[in-house]
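# Close look at the chain arrangement
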Amino acid sequence: EPEVTQTPSHQVTQMGQEVILRCVPISNHLYFYWYRQILGQKVEFLVSFYNNEISEKSEIFDDQFSVERPDGSNFTLKIRSTKLEDSAMYFCASSNGVHDTQYFGPGTRLTVL
Amino acid sequence: EDQVTQSPEALRLQEGESSSLNCSYTVSGLRGLFWYRQDPGKGPEFLFTLYSAGEEKEKERLKATLTKKESFLHITAPKPEDSATYLCAVQEIYGNNRLAFGKGNQVVVIP
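Summary of the structure given here. (Residues numbered from 1 in each chain as written. Chains lettered and ligands numbered in written order. Predicted model: local features only at pLDDT ≥ 70, side-chain atom pairs only at ≥ 80, totals over all residues. Heavy atoms only, no water.)

For the coordinates displayed, the defined rule picks out two disulfides over all chains. The partner cysteine of A:Cys23 in its disulfide is A:Cys92, sulfur to sulfur 2.0 Å. Between A:Cys23 and A:Cys92, the S-S dihedral sits near -60°, and the bridge is therefore left-handed. A residue pair is termed long-range when its members are at least 10 positions apart, and A:Cys23 in strand β3 (residues 19-24) and A:Cys92 in strand β9 (residues 88-95) qualify at 69 residues. Note that B:Cys23 is cross-linked by a disulfide to B:Cys88, the S-S spacing being 1.9 Å. Every disulfide takes its handedness from the sign of the S-S torsion; for B:Cys23 and B:Cys88 that torsion is -65°, giving left-handed. On the criterion of sequence distance, the pair formed by B:Cys23 in strand β3 (residues 19-25) and B:Cys88 in strand β9 (residues 84-92) is long-range, its members being 65 residues apart. Just as B:Cys23 is buried, B:Cys88 falls in that class too. (Disulfide = S-S within 2.5 Å. Helix = DSSP H or I, 4+ residues; strand = E, 2+ residues; numbered from the N terminus. Buried < 20%, exposed > 50% of the residue type's maximum accessible area, 1.4 Å probe, protein only.)

Now the structure itself:
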C-alpha cells in the first residue's frame, strides 16, 4: 500500500541553525501539507502546497519557514533559523484531490537545543 | 476558540468493555469530518471520513457516526491493540483544505 515517507526520523539542531525536513508524498497525489505537533498538544496545520505554490498557510508559518518541491518526488520544509519553540513532531501529508483524505507520514521529531 | 473539542480526554477500558468517544465541532460549514488513530511517536493513521449528518462508517470494532454538531466513535468489545489516541479533525466547506484537529481521546484497553 502506498505511503508517505519522511526523513530523518529524528533531527537534533542548535538554536539558530537551518534545518530541512524531507518528505516523499504518495506518488499520484497532487496536494501536499505540513503539520506539526508540539509534545502533548494537538496537531496544527502549517501549510498546503499545490501546483508548485503555496495554496494556504497558517499564522505559524512565518518568514522563517519555506516549502519546496525540488523534484518530482520530494517535498521539503525548511526552517531558516530554528528557535527552541520549533521543537515538535513535523508531519507531512498528501492527498489526491483538494478535499480528499489526507494521508500522513510517520513524522520527523525536531529537537532544538 | 477551538473548532474541535474531544471528550473524554483519557479513557481506560477493560477488554470487551464497549464505549464511545465524542467529537464536538464548530464550523461555518462542514465539508468533512475525519477520524484518525495515532500511536505514540507515530503519524496519524486514517480511519474514516464522514460528510453528512446521519452518515455512519464501520471498520472492525470501530463505528463512526455524524450529526450536525458532533461525531461519535464507538468502540465495540475493544482489545488491547485498540489502545491509541483517536484524533478528530474537520475540514470547512469554504475555500481552504486545512484540517483542524482536536486534542484527541487517549484510550487504554486493559487485558
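All right, on to the interface of chain B and chain A then. Interfaces are frequently sized by the accessible area removed from exposure as the parts join. At the junction of the two partners, chain B supplies 22 residues and chain A supplies 22 residues. At the boundary of chain B with chain A, total buried surface from both sides reaches about 1,800 Å², with 49% on carbon and sulfur atoms. Of all residues in chain B, B:Asn97, B:Arg98 and B:Phe101 give up the largest surface area on contact with chain A, accounting jointly for 34% of the area buried on that side. Measuring nitrogen to oxygen at the nearest pair gives 2.6 Å for the salt bridge that ties A:Glu56 to B:Arg98. Connecting chain B to chain A are nine residue pairs in polar contact (both at pLDDT 80 or more). Secondary-structure elements contributing two or more residues to the side of chain B that touches chain A are β4 (30-38), β5 (45-50) and β9 of chain B. Counting residues per element, the side of chain B that touches chain A draws most heavily on β4(B), at four residues. Along the lines of polarity and charge, the residues of the side of chain B that touches chain A split into eight nonpolar, nine polar and five charged. (Contact = heavy atoms within 4.5 Å. Buried area = accessible area lost by both parts, 1.4 Å probe. Salt bridge = Lys/Arg side-chain N within 4 Å of Asp/Glu carboxyl O. Polar contact = N/O pair within 3.5 Å; in protein donor to acceptor, adjacent residues only side chain to side chain. Nonpolar A, V, L, I, M, F, W, Y, C, P; charged D, E, K, R; others polar.)

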